Amino acid sequence: WQVIAVSVGITLILFQIYQFLFCADESLWNRTKFGVFRLVRRLPFVSSKISKELQESRKMLKKELFESSSSQTYHLSLPDKGLSHEEVLQELEKMDDLPKLDWRKGRVSGCAYNCGDDITKLAIEVYGRYCWTNPLHIGVFPEIRKMEAEVVRWCAQIFNGGPRACGTMTTGGTESILMAMRSYRQSGYSRGIRRPEIICSRATHAAFVKAADYFCMKIVIVPVDPLTRKVNLKKMKQAITSSTV
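Cut-offs used in this document
- Residues numbered from 1 in each chain as written.
- Predicted model: local features only at pLDDT ≥ 70, side-chain atom pairs only at ≥ 80, totals over all residues.
- Heavy atoms only, no water.
- Core = buried A, V, L, I, M, F, W, Y, C linked by side-chain atoms within 4.5 Å.
- Buried < 20%, exposed > 50% of the residue type's maximum accessible area, 1.4 Å probe, protein only.
- Helix = DSSP H or I, 4+ residues; strand = E, 2+ residues; numbered from the N terminus.
- Contact = heavy atoms within 4.5 Å.
- Patch = residues over 30% accessible without salt bridge, like charges linked within 9 Å, V, L, I, M, F, W, Y side chains within 5 Å.
- Areas by Shrake-Rupley, 256 points an atom, 1.4 Å probe, with all protein chains shown as cover.
- Salt bridge = Lys/Arg side-chain N within 4 Å of Asp/Glu carboxyl O.
- Pairing = 2+ DSSP bridges.
- Right-handed = clockwise from strand over helix to strand, strands pointing away.
- Phe/Tyr/Trp six-rings, centres within 6.5 Å; stacked < 30°, edge-to-face > 60°.
- Axes fitted to C-alpha atoms, helices over the stretch in contact; angles between N-to-C directions.
- Parallel < 35°, antiparallel > 145°, perpendicular 65-115°, else oblique.
- Left-handed = near helix turned anticlockwise from the far one by under 90°.
- Nonpolar A, V, L, I, M, F, W, Y, C, P; charged D, E, K, R; others polar.
- Expected span 1.5 Å × (residues − 1).
- Arc of directions from axis to C-beta.

## Digging into the nonpolar core
Soluble globular proteins tend to bury their nonpolar side chains together.
And step 1. Counting eleven residues, the largest nonpolar core consists of Ile 177, Leu 178, Met 181, Ile 198, Cys 200, Ala 207, Phe 208, Ala 211, Ala 212, Phe 215 and Met 217.
And step 2. Secondary-structure elements contributing two or more residues to this core are helix H7 (173-190), strand E1 (197-201) and helix H8 (207-214).
And step 3. Per element, the largest residue contribution to this core is four residues, and it comes from H8.
And step 4. For Met 217, the residues in contact, after removing those within four places along its chain, are Met 181, Arg 185, Arg 195, Pro 196, Ile 198, Ala 212 and Val 245.

As structure tokens, this is what we get:
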């Protein structure tokens, strides 16, 4: 029994070492860096420096977000009596006084897109017609199913998807990336990959990092040129492994 106990003990120890080295969410190198950073951060002069920088950041945020809207009244609880139609519109008009960037000139990247007054009016009319529909219930709202199917087919044609290509509608760019990464993860699982990997450049959308965190995938970040912002293709090719999906 002593031989069995020693064998089981050694096996468990080796298994724990293997789990620590190869099965963690972060690589051993990253975990080592984070560990050293946590230790250094506790040093008095480093801790005081970090606290000072955080305080400055809080002051900046307070100035940008709160002082600019100091004239506004914030409703911190639901009113006992609902507002009338006119009162709701008056509240919206008050918020028009808040300082804001003129995004319609096209100088705010990735925020909103101005298609002109004609398209805006059409979009408002279309939304008013279908705002009380639910695309989950295609039997109740067949018109929504029809429009979704058409949009999916258009996108499939643009990307040369072929007649068997399929897709689904999402609520925005982040969800689109998440759903795509989940599909790739499932494809990796079907091929026996235990932990599928995503390869991204340093300038990639943050949703890829979210996807890796949500779906237990490994993300490999490839650096970009600091001037041109172009990814290093050689390093990206080197990052490809048998677990890349």
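Let us keep going from here.
## Overview of unusual backbone geometry
And step 1. In this model, Asn 160 sits at a positive phi of 55 degrees, which is unusual for a non-glycine residue.
And step 2. Considering the arrangement of structural elements, one finds Asn 160 in the loop between helix H6 (142-158) and H7.
And step 3. In this structure, Cys 216 is a non-glycine residue whose phi angle is positive, near 55 degrees.
And step 4. A residue is classified by how much of its surface remains accessible, and Cys 216, at 48% relative accessible area, is partly exposed.

## Notes on a nonpolar patch on the surface
And step 1. A cluster of nonpolar side chains, namely Val 6, Ile 10, Ile 13, Leu 14, Ile 17, Phe 20, Leu 21 and Leu 28, defines an oily patch on the protein surface of about 720 Å² accessible area.
And step 2. For the nonpolar patch, the element with the highest residue contribution is helix H1 (residues 2-22), accounting for seven residues.
And step 3. For Leu 14, the position within the fold is in helix H1.

## As for the pairing of E1
And step 1. Of all five residues in E1, five are buried; the element is thus mostly enclosed.
And step 2. As defined by bridge partners, E1 adjoins strand E2 (residues 218-222) across five bridges and the pair is classed as parallel. Across the sheet, residue Ile 198 finds its bridge partner in E2, namely Ile 219.
And step 3. Taking the sense of rotation as the criterion, the β-α-β connection linking E1, H8 and E2 turns out right-handed.

## Topic: the packing of aromatic side chains
And step 1. Summed over all chains, the structure comprises one aromatic pair.
And step 2. Consider the rings of Tyr 214 and Phe 215, whose centres lie 6.4 Å apart with planes at 75 degrees: the pair is edge-to-face.
And step 3. On the basis of relative accessible area, Tyr 214 is assigned to the exposed category, the value being 52%.

## Focus: the packing of H7 against H8
The geometry of a pair of packed helices is captured by two quantities: the angle between their axes and the separation between those axes.
And step 1. It is at 9 Å that the axes of H7 and H8 come closest, and there the two elements cross at 45 degrees. Taken together, H7 and H8 sit at an angle that is classed as oblique. Considering how the two elements wind past one another, H7 and H8 form a crossing that is right-handed. Residues Thr 174, Ile 177, Leu 178 and Met 181 of H7 form the contact with H8, whose own contacting residues are Ala 207, Phe 208, Lys 210, Ala 211 and Tyr 214.
And step 2. By residue class, the composition of the contact of H7 with H8 is seven nonpolar, one polar and one charged.

## So, the pattern of salt bridges
And step 1. Within the structure shown, the criterion is met by three salt bridges.
And step 2. Between Lys 94 and Glu 91 there is a salt bridge, with the nearest N and O atoms lying 3.6 Å from each other. In this pair, Lys 94 and Glu 91 both sit in helix H4 (residues 85-95), three residues apart, roughly one turn of the helix.
And step 3. The exposure class of Glu 91 is partly exposed, given its relative accessible area of 24%.
And step 4. A salt bridge links Lys 146 to Glu 150; the shortest N-O distance between them is 2.5 Å. Placement of the pair is Lys 146 and Glu 150 together in helix H6, with a separation of four residues, close to one helical turn.
And step 5. Using a relative accessible area of 46% as the deciding quantity, one classes Lys 146 as partly exposed.

## Things to note about H7
And step 1. Here H7 spans 26 Å end to end across 18 residues, near enough to the 26 Å set by a 1.5 Å rise per residue.
And step 2. Where H7 is concerned, the buried positions are Ile 177, Leu 178, Met 181, Arg 185 and Gly 188. Projected down its long axis, H7 shows its buried positions confined to an angular sector of 100 degrees, all on one face.
And step 3. Gly 192, located one to two residues past H7, shows a positive phi value of around 85 degrees.

The analysis is restricted to geometry; functional conclusions fall outside its scope.
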